[in-house]
Amino acid sequence: MKLTAPRHAWLYAALGAAVAFNSISEAFSLIPPGGIVTVTHAAGRMGKVLALQIREDAQIAGVPAEELPRIRAVVRSEAEAASVACDLGGMTLIGGEASPVKLDWLEIIIVEDIEEERGREMLRAAFEGADGAILCDASHNEMVWSNDDTNGSGEEEVCSISVPAAESKDISKRLLAEIDAASSSSTLRHVVMRSSMGLSPGVSEEAAAAMGGEAALAGPRKAEKALRSSGINHTILRLGALTDDAGMIPLLFGMNDAILERRIDSTTTRRPPILSRSDAARVAIFLLKEASSMFRDLTVDCSWHPKYGRSSVGSEEAVNAACRQDLMEALTKDILLFSFQKG
């Protein structure tokens, strides 16, 4: 294998230094005590996980209750608002009337129509005063399993790719409006945007098709371009196909669709790399909290480590390995490795 120095060598030198200074950077959390994190598409499956994990991570880290981050959840309708309130806070039943439990750390903002000025004003208000944001309004494919072999039946597992093409155009417009609104914020320090593998220049047709093809990739491609030109400090997180499995599987990181291309080249099924929404949320939160400039304006690929699959979910080996994995170290090593190999 030929090894050549990767492009942007200064970036990888900085990433290498990140491991040595990890303990120092942790002292400079991006989100200040009691800070606000805006989450878009908060009624989605990943959006709800994000809201809960952001709080839980801070609690596990020993952050005092009065300094825990607050969540500003952006949704598209009253029905979505009710779904977020009920799923995150639970319900009470008094006198035969059910109502969601009010959470003092959760603010829900309904933005129904981004075509109207009122909707655009609401979006700008959602980001003003926030310290960080995670944008999830990106059309994204997912793996749909029609015959689950996790029960040990021995039957062959069959999967297909579900692409939300019908919603892609509207979702793309909304995401572009969110990026525009975020760029006007005077307080926002960093944005993490969920995107998709398959968008690198020169990616093979087979690899792009495995991620849903143009129907799934057109919206995220426009959004990535808009975010890069917005001037916002950001990190773009390109994910493999998403599943609803539980999290805590070791993760693999890369750049320029190297993970996707390797996966397509090594299998005959043309299945893309996968990961759960829970693990996607875990790494998105890490990238948002990382206060140093290591991941600023960087595009990172992420999937489950190929050693582990859906049959590994919940296993002691996988959970222990995920707990031991240092995300800073894994990001640094994997990005360097894939970059050298691609060179």
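In case you missed it, the structure is sitting above this.
About the thresholds
- Residues numbered from 1 in each chain as written.
- Predicted model: local features only at pLDDT ≥ 70, side-chain atom pairs only at ≥ 80, totals over all residues.
- Heavy atoms only, no water.
- Axes fitted to C-alpha atoms, helices over the stretch in contact; angles between N-to-C directions.
- Helix = DSSP H or I, 4+ residues; strand = E, 2+ residues; numbered from the N terminus.
- Parallel < 35°, antiparallel > 145°, perpendicular 65-115°, else oblique.
- Left-handed = near helix turned anticlockwise from the far one by under 90°.
- Contact = heavy atoms within 4.5 Å.
- Nonpolar A, V, L, I, M, F, W, Y, C, P; charged D, E, K, R; others polar.
- Core = buried A, V, L, I, M, F, W, Y, C linked by side-chain atoms within 4.5 Å.
- Buried < 20%, exposed > 50% of the residue type's maximum accessible area, 1.4 Å probe, protein only.
- Expected span 1.5 Å × (residues − 1).
- Arc of directions from axis to C-beta.

Novice: It is not clear to me how the packing of helix H3 (residues 45-60) against helix H10 (residues 277-289) should be interpreted in this structure. Could you clarify?
Specialist: For the pair H3 and H10, the least separation of the axes is 9 Å and the interaxial angle reads 50°. The angle between H3 and H10 places the two elements in the oblique class. For the element pair H3 and H10, the recorded crossing hand is right-handed. Each of Arg45, Met46, Val49, Leu50, Gln53, Ile54 and Asp57 in H3 lies in contact with H10, whose residues at this interface are Arg277, Ser278, Ala280, Ala281, Arg282, Ala284, Ile285 and Lys289. Classifying every residue of the contact of H3 with H10 gives eight nonpolar, two polar and five charged.

Novice: What exactly am I supposed to notice about the nonpolar core here?
Specialist: Within soluble globular proteins, side chains that are nonpolar tend to cluster in buried spots. Core analysis: the biggest nonpolar cluster contains 54 residues, and Leu50, Ile134 and Phe253 have the highest contact counts within it. If one sorts the elements of this core by residue count, H10 sits on top with eight residues. Those residues in contact with Ile134 that lie beyond four places of it in its chain are Thr38, Val39, Thr40, Leu50, Ile54, Val192, Ala284, Ile285 and Leu288.

Novice: Would you mind going over helix H8 (residues 214-228) with me for this structure?
Specialist: An α-helical turn contains 3.6 residues, so a residue and the one three or four places further along point in the same direction. For H8, spanning 15 residues, the distance from its first C-alpha to its last is 20 Å, which sits close to the expected 21 Å at 1.5 Å a residue. For H8, every residue scored as buried is listed here: Ala216, Leu217, Gly219, Pro220, Ala223, Glu224 and Leu227. Angularly, the buried residues of H8 cover 160° about the axis, an arc narrow enough to put them on a single face. Residues of H8 that are exposed and point more than 90 degrees away from the buried face comprise Lys222 and Lys225.

Novice: Even after reading the chapter, I still don't get the packing of H3 against helix H4 (residues 78-89), so can you show me in this structure?
Specialist: Where H3 contacts H4, the two axes come as close as 11 Å, and the packing angle between them is 45°. Accordingly, the angle class assigned to the pair H3 and H4 is oblique. Seen along the crossing, H3 lies across H4 with a hand that is right-handed. Where H3 approaches H4, its residues Lys48, Ala51 and Leu52 are matched on the opposing element by Ser83, Val84, Asp87 and Leu88. Grouping the constituent residues of the contact of H3 with H4 by class yields four nonpolar, one polar and two charged.

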